[in-house]
Amino acid sequence: MNAQKNLIDVRGVSKTFTVKSGTFFRKAAASTKAVNNVSLTIRKGEILGCVGGSGSGKSTLGRMIMRLIEPDDGAILFDGTDLRTLSPEAMRQYRKRLQIVFQDPLQSLNPRRTVAENIARPLMNFGTSPAVANRRVDELLELVGLDPRQSYRYPHEYSGGQCQRIAIARALALEPEFLFLDEPVSALDVSIQAQILNLLSELQKKLDLTFLFVSHDLKIVKQFCDRTVVMYRGCMLETGTSEEVYRDPKHPFTRDFLGTVLHVRKDSRWEQAAERAEDLESATRQSEAGCIYAGTCADRFQRCREAAPALTEIEGARHVACHLYSQPKQ
Ligand SMILES: Nc1ncnc2c1ncn2[C@@H]1O[C@H](COP(=O)(O)OP(=O)(O)O)[C@@H](O)[C@H]1O
Ligand SMILES: [Mg+2]
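Residues numbered from 1 in each chain as written. Chains lettered and ligands numbered in written order. Predicted model: local features only at pLDDT ≥ 70, side-chain atom pairs only at ≥ 80, totals over all residues. Heavy atoms only, no water.

A. Spotlight on the pairing of strand E1 (residues 6-22). As paired elements, E1 and strand E2 (residues 27-43) share 13 bridges and run antiparallel to each other. By the bridge assignment, Val13 is partnered in E2 with Val38. Here E1 runs beside strand E4 (residues 73-78); their pairing, made up of five bridges, is antiparallel. When the sheet's bridge partners are listed, Arg11 is paired in E4 with Ala75. (Pairing = 2+ DSSP bridges. Helix = DSSP H or I, 4+ residues; strand = E, 2+ residues; numbered from the N terminus.)

Now the structure itself:
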């Protein structure tokens with residue numbers, strides 16, 4: 001297999017959500033640009049990390065790749081195919097190749113079904129006989145380090161980490177090539193996090209999987225992912241190998257974000273930055289063209305208010321959307 005081949009190719013994808021609120025007569029519509037003109041590729045066999053704070057558009061991006069949300073603009077190719085061009089039946093077959101693991105395993109597990117029934121469900125949906133499905137359930141449970149003899153139990157009888165193992169087994173049932181891991185360890189204790197990351201890493205190698213791994217923790221992404229993209233309010237601000245982005249963050253946002261992860265009192269510092277962003281947001285909004293981080297950025301200068309910096313290659317695989325690197329200071 002060609003290791004350089006792109007399994008996922010995201011081209012200029014955007015998504016805006018409009019939420020109506022207020023009374024029947026006075027409905028106000030607020031729109032959020034959840035993802036703003038994002039382009040990225042994920043090579044076959046690669047683990048791409050996606051980091052950013054809450055609401056930065058990570059889940060929306062992943063869900064668009066999964067075709068759970070339709071993008072407003074742009075195109076997403078899976079293994080060279082634009083899935084929009086497929087017939088419903090061809091799309092149904094394609095769906096097997098892409099699976100998702102959520103932060104909360106109970107989002108994919110039905111608490112009223114046994115573990116075996118939960119894992120067998122996707123197989124049965126695709127016409128696997130009960131006998132074959134049962135054998136496959138045993139294999140899958142062994143694969144994720146759980147005892148198949150306990151598969152008659154219900155999810156609530158398992159710990160959080162074990163439930164995540166079950167959710168991973170379920171996601172692997174149809175032998176997918178790509179997993180969207182949406183904060184799969186964020187709800188777990190640190191020691192359990194390491195066990196689940198080890199399991200995912202083993203499975204990735206053993207089954208030659210490709211991952212999009214979402215996290216708000218740059219440290220975890222550095223350990224687990226080959227490359228990283230950094231998101232802020234729907235925009236991709238920086239990308240590079242995970243090692244480089246962590247060791248030598250280029251974008252002022254990434255530096256601030258890394259600071260919040262590494263330093264004590266991280267929450268308050270992050271909240272302060274978020275508050276400053278809110279205060280200055282209106283000013284930035286006046287010139288919609290400006291950099292999305294200009295309101296908060298300590299390094300901003302005139303141009304940052306006037307024009308959005310494009311994601312520009314600065315060295316090797318490093319790309320940064322920041323005027324500090326793309327334009328001469330004014
Ligand atoms: N279905 C939806 N309807 C309305 N707004 C949404 C919806 N999904 C996400 N959003 C908004 O889009 C933004 C990005 O959300 P999300 O992709 O979930 O971010 P993240 O996963 O990085 O926390 C947020 O402001 C969120 O409130
Ligand atoms: Mg999310």
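Following the structure, the description resumes.
B. Spatial organisation of the sheet that holds E1. Spatially, the four strands line up as an open sheet ordered E2-E1-E4-E5, and their pairing is antiparallel. On the outer flanks of this sheet lie E2 and strand E5 (81-82), each paired with one strand and no other. Against the sheet, helix H1 (residues 58-65) engages E1, E2 and E4, with an angle of about 120° to E1. (Contact = heavy atoms within 4.5 Å. Axes fitted to C-alpha atoms, helices over the stretch in contact; angles between N-to-C directions.)

C. The site of ligand 1, seen in detail. Taken together, Phe17, Val19, Thr32, Ala34, Gly53, Ser54, Gly55, Ser56, Gly57, Lys58, Ser59 and Thr60 make up the full set of residues near ligand 1. Here an oxygen atom of ligand 1 sits 2.7 Å away from a polar atom, N or O, in the main chain of Gly55. Between ligand 1 and the protein, one listed contact pairs an oxygen atom with a backbone N or O atom of Ser56 at 3.1 Å. Taking 550 Å² as the accessible area of ligand 1 by itself, protein coverage stands at 62%. (Near = heavy atom within 4 Å. Polar contact = N/O pair within 3.5 Å; in protein donor to acceptor, adjacent residues only side chain to side chain. Areas by Shrake-Rupley, 256 points an atom, 1.4 Å probe, with all protein chains shown as cover.)

D. Examining the sheet that holds strand E10 (residues 235-241) more closely. Read across the open sheet, the eight strands follow the order E6-E7-E8-E3-E9-E10-E12-E11; overall the sheet is mixed. Each end of this open sheet is capped by a strand with a single partner; those strands are strand E6 (98-101) and strand E11 (312-315). Ignoring which end each strand starts from, the neighbouring axes of this sheet average 20° apart. Note: E11 against strand E12 (residues 318-320), three bridges, orientation antiparallel. Bridging across to E12, Glu313 finds its partner in His319. Taken strand by strand, H1 contacts strand E3 (47-51), E6, strand E7 (178-182), strand E8 (210-215) and strand E9 (227-232), and its axis lies near 160° from that of E7.

E. Representation of the packing of helix H3 (residues 115-125) against helix H4 (residues 130-143) in the model. In contact at an axis separation of 9 Å, H3 and H4 are set at 120° when each is read in the N-to-C sense. Comparing their axes, H4 and H3 come out oblique. Considering how the two elements wind past one another, H3 and H4 form a crossing that is right-handed. Counting all contacts with H3, which are made through Val115, Ala116, Ile119, Ala120, Leu123 and Met124, the residues of H4 involved are Pro130, Ala133, Arg136, Val137, Leu140 and Leu141. (Parallel < 35°, antiparallel > 145°, perpendicular 65-115°, else oblique. Left-handed = near helix turned anticlockwise from the far one by under 90°.)

F. The arrangement of the pairing of E7 in detail. Of all five residues in E7, five are buried; the element is thus mostly enclosed. Burial along E7 is two-sided: Phe178, Phe180 and Asp182 and Leu179 and Leu181, pointing in opposite directions, are all buried. Direction of pairing for E6 relative to E7: parallel, over a ladder of four bridges. Pairing of Val101 across the sheet is with Leu181, part of E7. Bridging between E7 and E8 involves five bridges; their strand directions are parallel. Pairing of Phe178 across the sheet is with Thr210, part of E8. One crossover worth recording links E7 to the parallel E8 by way of helix H6 (residues 190-207), and it is right-handed. (Buried < 20%, exposed > 50% of the residue type's maximum accessible area, 1.4 Å probe, protein only. Right-handed = clockwise from strand over helix to strand, strands pointing away.)

G. A look at the packing of aromatic side chains. Following the criterion strictly, the structure yields seven aromatic pairs and no others. Between Phe78 and Tyr94, the ring centres sit 5.7 Å apart and the planes meet at 80°, which makes this aromatic pair edge-to-face. Residue Phe78 is found in strand E4, and its partner Tyr94 is found in helix H2 (residues 88-95); the two are separated by 16 residues along the sequence. With respect to burial, Phe78 and Tyr94 carry one shared label: buried. A ring pair is formed by Tyr232 and Tyr293, whose centres lie 5.0 Å apart and whose planes are at 85°; its orientation type is edge-to-face. You can see Tyr232 sitting in strand E9 and its partner Tyr293 sitting in the loop between helix H10 (266-286) and helix H11 (302-306), a full 61 residues away along the chain. Each member of the pair Tyr232 and Tyr293 is classed as buried. Over the ring of Phe126 we find Arg92; its NZ or CZ atom is 4.6 Å from the centre of that ring. One Lys or Arg, Arg97, reaches over the ring of Tyr94 and ends 4.8 Å from the middle of that ring. (Phe/Tyr/Trp six-rings, centres within 6.5 Å; stacked < 30°, edge-to-face > 60°. Lys NZ or Arg CZ within 6 Å of the ring centre and 35° of its normal.)

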